[in-house]
Amino acid sequence: MGDRDDRNAIGRRVQRLRAERGMTQRQLAEPAYTPAYISTLEAGRVRPSEEALRHLADRLGVGYEELATGRPAHLATDLRLRLTEAQRTLATEGAEQAADQYAGLLAEAEAYELAEERAAALLGLGECAVETGELAAGRQYFERAEQCLVDAGAPLPARVPALRGRAVSHYLAGELRYAVYLLESTLDELNRGGLHDPDALLLLYASAIGPYMDMGAHARAAQAAELALSLAPSAGDPALVARMHRSVARTLLAEGRLADADASLAKAAELYRTLQLRTELANCHWMRGYVCAQNGELPRAEAEMREALGMLSATRAALYSSQVAVELADVLHRRGKSEEAAELLHGVLDDLSSERGAVHSAGAHRLLGIIAEDARDTEAAEEHYVRALSLLERAGAAGDLADLCRLLGDLLRRTGRVEAALDAYRTGLGHRTAPGTTTLGPAPAQPPL
């Protein structure tokens with residue numbers, strides 16, 4: 001706002017409040033100022049000093065900040081309280097209800113030019129959009145939140161949640177390498193710049209584990225998990241620590257440390273129950289089901305994943321519901337319930353695509369291909385494998401690609417297409433022998449722990 005606009009706004013505000021209170025210009029001015037000064041001020045021809053504003057605020061019975069800025073007293077505090085309530089709504093009731101709350105809060109924050117609260121509302125809208133699977137909209141909200149904080153001169157640690165939100169939206173869209181680039185470059189800037197904020201670092205390391213694992217960069221995933229675990233005692237956000245435990249369980253499982261993975265998930269579940277974060281608790285049941293499935297405990301895996309699916313469906317977390325349904329279908333197939341598994345997969349494929357849950361969409365086609373092969377429908381099996389291959393190549397999910405190429409190659413070999421089978425095997429070997437790193441070269445700088 002320019003100086004002239006600022007003077008005019010203050011003048012109009014003083015005039016309105018004086019009229020509402022039935023005061024004359026003389027009554028407002030005395031004893032320190034003259035009626036002529038009040039007239040000049042109300043006309044916007046002079047900007048009052050801080051001392052004059054405090055005198056006028058006292059005479060008008062309002063707070064200094066309200067008179068100077070037009071913001072009601074305690075507005076920022078009230079907005080922050082309601083932002084916390086919206087966050088709880090997102091965690092316990094669902095994204096649609098929370099999005100309505102965040103939209104109203106955003107309008108208020110913009111009307112009163114409250115940058116920090118505006119960024120928080122945009123961040124909340126981004127989280128809601130990601131949970132309902134609207135990844136492009138979510139990404140735009142995160143970008144706006146980040147820009148709002150940049151314009152307000154916020155330091156990098158304060159911008160990390162928005163940066164992490166952008167990375168997650170790219171990751172869920174199947175853009176693994178770009179998601180990792182965002183996370184790694186931010187980590188590098190924090191650590192090289194000496195900005196060792198435990199919450200910010202923990203959020204970034206925990207968020208990098210999923211993309212690393214899907215890219216086949218298991219060494220980086222394990223390193224990120226170890227760093228996250230070492231940062232957890234210094235972090236101040238219990239929800240953040242719980243999310244970290246859930247992510248770390250995946251790398252512990254990959255290293256064969258099943259008991260440690262289960263213990264990490266138990267810690268996460270307990271924290272989520274304490275905080276009543278329903279969606280995050282559902283994700284914890286989902287991850288625990290995954291651990292059980294890898295350990296061969298299929299009845300328990302099915303129970304955990306059904307619990308997760310029910311909780312996520314109740315909160316209308318569409319994208320996460322579709323993803324857990326794919327993993328539940330795999331457990332059902334392994335338990336001999338292939339028809340139920342296929343029905344579940346066909347039901348969720350419409351909610352998944354190359355731009356929305358690419359890795360799980362590929363997983364659904366892969367499993368449908370296996371089920372079709374079991375039913376001796378080789379044509380349908382090949383079609384599903386090829387679709388899965390296209391999705392995984394686009395996402396750069398190296399570990400899953402190698403396994404899928406083996407399945408496709410075996411199918412082609414059994415149907416007499418030896419050259420095509422060899423091509424599939426070579427493709428798989430190329431991904432299997434790729435180094436366990438990203439395409440970005442050295443890992444980011446580490447914090448001093």
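Parameters and conventions
- Residues numbered from 1 in each chain as written.
- Predicted model: local features only at pLDDT ≥ 70, side-chain atom pairs only at ≥ 80, totals over all residues.
- Heavy atoms only, no water.
- Helix = DSSP H or I, 4+ residues; strand = E, 2+ residues; numbered from the N terminus.
- Buried < 20%, exposed > 50% of the residue type's maximum accessible area, 1.4 Å probe, protein only.
- Contact = heavy atoms within 4.5 Å.
- Areas by Shrake-Rupley, 256 points an atom, 1.4 Å probe, with all protein chains shown as cover.
- Lys, Arg positive; Asp, Glu negative; His and termini not counted.
- Charge placed at Lys NZ, Arg CZ, Asp CG, Glu CD.
- Expected span 1.5 Å × (residues − 1).
- Axes fitted to C-alpha atoms, helices over the stretch in contact; angles between N-to-C directions.
- Left-handed = near helix turned anticlockwise from the far one by under 90°.
- Nonpolar A, V, L, I, M, F, W, Y, C, P; charged D, E, K, R; others polar.
- Phe/Tyr/Trp six-rings, centres within 6.5 Å; stacked < 30°, edge-to-face > 60°.
- UniProt positions renumbered as here; feature names shortened; annotations may be inferred.
- Core = buried A, V, L, I, M, F, W, Y, C linked by side-chain atoms within 4.5 Å.
- Disulfide = S-S within 2.5 Å.
- Salt bridge = Lys/Arg side-chain N within 4 Å of Asp/Glu carboxyl O.
- Parallel < 35°, antiparallel > 145°, perpendicular 65-115°, else oblique.

**Here's the deal with the overall build of the chain**
In terms of regular secondary structure, the chain is built from 23 helices and zero strands. Projected onto its principal axes, the C-alpha coordinates of the chain cover approximately 100 × 45 × 40 Å. Looking at the chain residue by residue over its 449 residues, the buried ones come to 51%. Taking contacts inside the chain between residues at least 6 apart in sequence as the whole, the part at least 24 apart equals 61%. Of the roughly 20,300 Å² of accessible surface on the chain, a fraction of 49% belongs to carbon and sulfur atoms. Of the side-chain charges in the chain, 50 are positive and 65 negative, and the distance between the mean point of each set is 3 Å.

**Overview of helix α16 (residues 278–294)**
For α16, spanning 17 residues, the distance from its first C-alpha to its last is 25 Å, which sits close to the expected 24 Å at 1.5 Å a residue. Where burial is concerned, most of α16 is hidden: 14 out of the 17 residues are buried. Trailing α16 by a residue or two, Gly-296 shows a phi angle of about 80°, which is positive.

**What about the side chain of Gln-323?**
Tracing the sequence through the fold places Gln-323 in helix α18 (residues 318–334). You can call Gln-323 buried: its relative accessible area is 5%. Residues contacting Gln-323, with those up to four places away along its chain left out, are Leu-172, Trp-286, Gly-357 and His-360.

**Points about the packing of helix α13 (residues 218–231) against helix α14 (residues 238–254)**
Between α13 and α14, the shortest axis-to-axis distance is 9 Å and the interhelical angle comes to 145°. Helix-helix and strand crossings are classified by hand; for α13 and α14 the assignment is left-handed. In this structure, α13 contributes Ala-221, Ala-222, Ala-225, Ala-228 and Leu-229 to the contact, and α14 contributes Met-244, His-245, Val-248 and Thr-251. Classifying every residue of the contact of α13 with α14 gives seven nonpolar, two polar and no charged.

**A few points about unusual backbone geometry**
Omega for the bond connecting Glu-30 with Pro-31 falls within 30 degrees of zero, at 0°, which places this linkage in the cis form. Checked against the element boundaries, Pro-31 lands in the loop between α2 (25–29) and α3 (35–42). Phi is positive for Glu-113, close to 55°, though the residue is something other than glycine. Along the polypeptide, Glu-113 turns up in the loop between α7 (95–111) and α8 (115–131). By relative accessible area, which is 56% here, Glu-113 ends up exposed. Of note in the backbone geometry, Arg-376 takes a positive phi value of approximately 65° without being a glycine. Topologically, Arg-376 is positioned in the loop between α20 (358–374) and α21 (378–395). Look at Arg-376 and you get exposed, because its relative accessible area is 75%.

**What to know about the packing of aromatic side chains**
Taken as a whole and judged by the stated rule, the model has two aromatic pairs. Summarising the aromatic geometry, the rings of Tyr-33 and Tyr-37 are spaced 5.1 Å apart at their centres and angled 20° between planes, so their arrangement reads as stacked.

**Some details on the UniProt feature "domain: HTH cro/C1-type" (unreviewed entry) in the chain**
The residues that UniProt annotates with the feature "domain: HTH cro/C1-type" (unreviewed entry) are residues 14–67. A helix fraction of 65% and a strand fraction of 0% characterise residues 14–67, whose end C-alpha atoms lie 7 Å from each other.

**Some words on the environment of Leu-67**
Looking at where Leu-67 falls in the secondary structure, it is placed in helix α5 (residues 64–69). Distance from Leu-67 to Ala-9, taken between C-alpha atoms, is 9.8 Å for residues 58 residues apart in sequence. Among all residues touching Leu-67, those that are not within four sequence positions of it are Ile-10, Arg-13, Val-14, Leu-17, Leu-53, Leu-56, Ala-57, Leu-60 and Val-62.

**With respect to the nonpolar core**
Ranked by size, the top nonpolar core spans 107 residues in total, and within it Leu-202, Tyr-205, Met-244, Leu-345 and Tyr-385 carry the most contacts. Broken down by element, the residue count for this core peaks at twelve residues, all from helix α12 (residues 198–215). Not counting chain neighbours up to four residues away, the residues in contact with Met-244 comprise Leu-202, Ala-206, Ala-228, Leu-229 and Ala-232.

**Focus on the state of the cysteines**
Under the counting rule described, the total for this entry stands at zero disulfides. Here Cys-128 stays unpaired: no disulfide links it, and the sulfur of Cys-148, its closest cysteine neighbor, is 17 Å away. With a relative accessible area of 3%, Cys-128 lands in the buried category.

**A word on the pattern of salt bridges**
Scanning the entire structure with this criterion turns up 26 salt bridges. Across the pair Glu-340 and Arg-306 runs a salt bridge whose closest N-O atoms are separated by 2.8 Å. In this pair, Glu-340 sits in helix α19 (residues 338–348) while Arg-306 sits in helix α17 (residues 298–314), placing the two residues 34 residues apart along the sequence. Residue classification places Glu-340 among the partly exposed positions, given a relative accessible area of 34%. For Arg-306, a relative accessible area of 36% puts it in the partly exposed group. Among the salt bridges present, the one from Glu-383 reaches Arg-387, with a minimum N-O distance of 3.0 Å. In this pair, Glu-383 and Arg-387 are both assigned in helix α21, four residues apart and thus about one turn of the helix distant. Overlapping salt bridges bring together Glu-302, Arg-306, Arg-335, Lys-337 and Glu-340 as one network.

**Overview of the packing of α7 against α8**
Where α7 meets α8, the closest approach of the two axes is 8 Å, and the angle between their N-to-C directions is 155°. Considering the angle they form, α7 stands roughly antiparallel to α8. As α7 packs across α8, the resulting crossing turns out to be left-handed. Each of Ala-95, Ala-98, Ala-99, Tyr-102, Ala-103, Leu-105, Leu-106, Ala-109 and Glu-110 in α7 lies in contact with α8, whose residues at this interface are Glu-117, Arg-118, Ala-120, Ala-121, Leu-122, Gly-124, Leu-125, Cys-128 and Glu-131.

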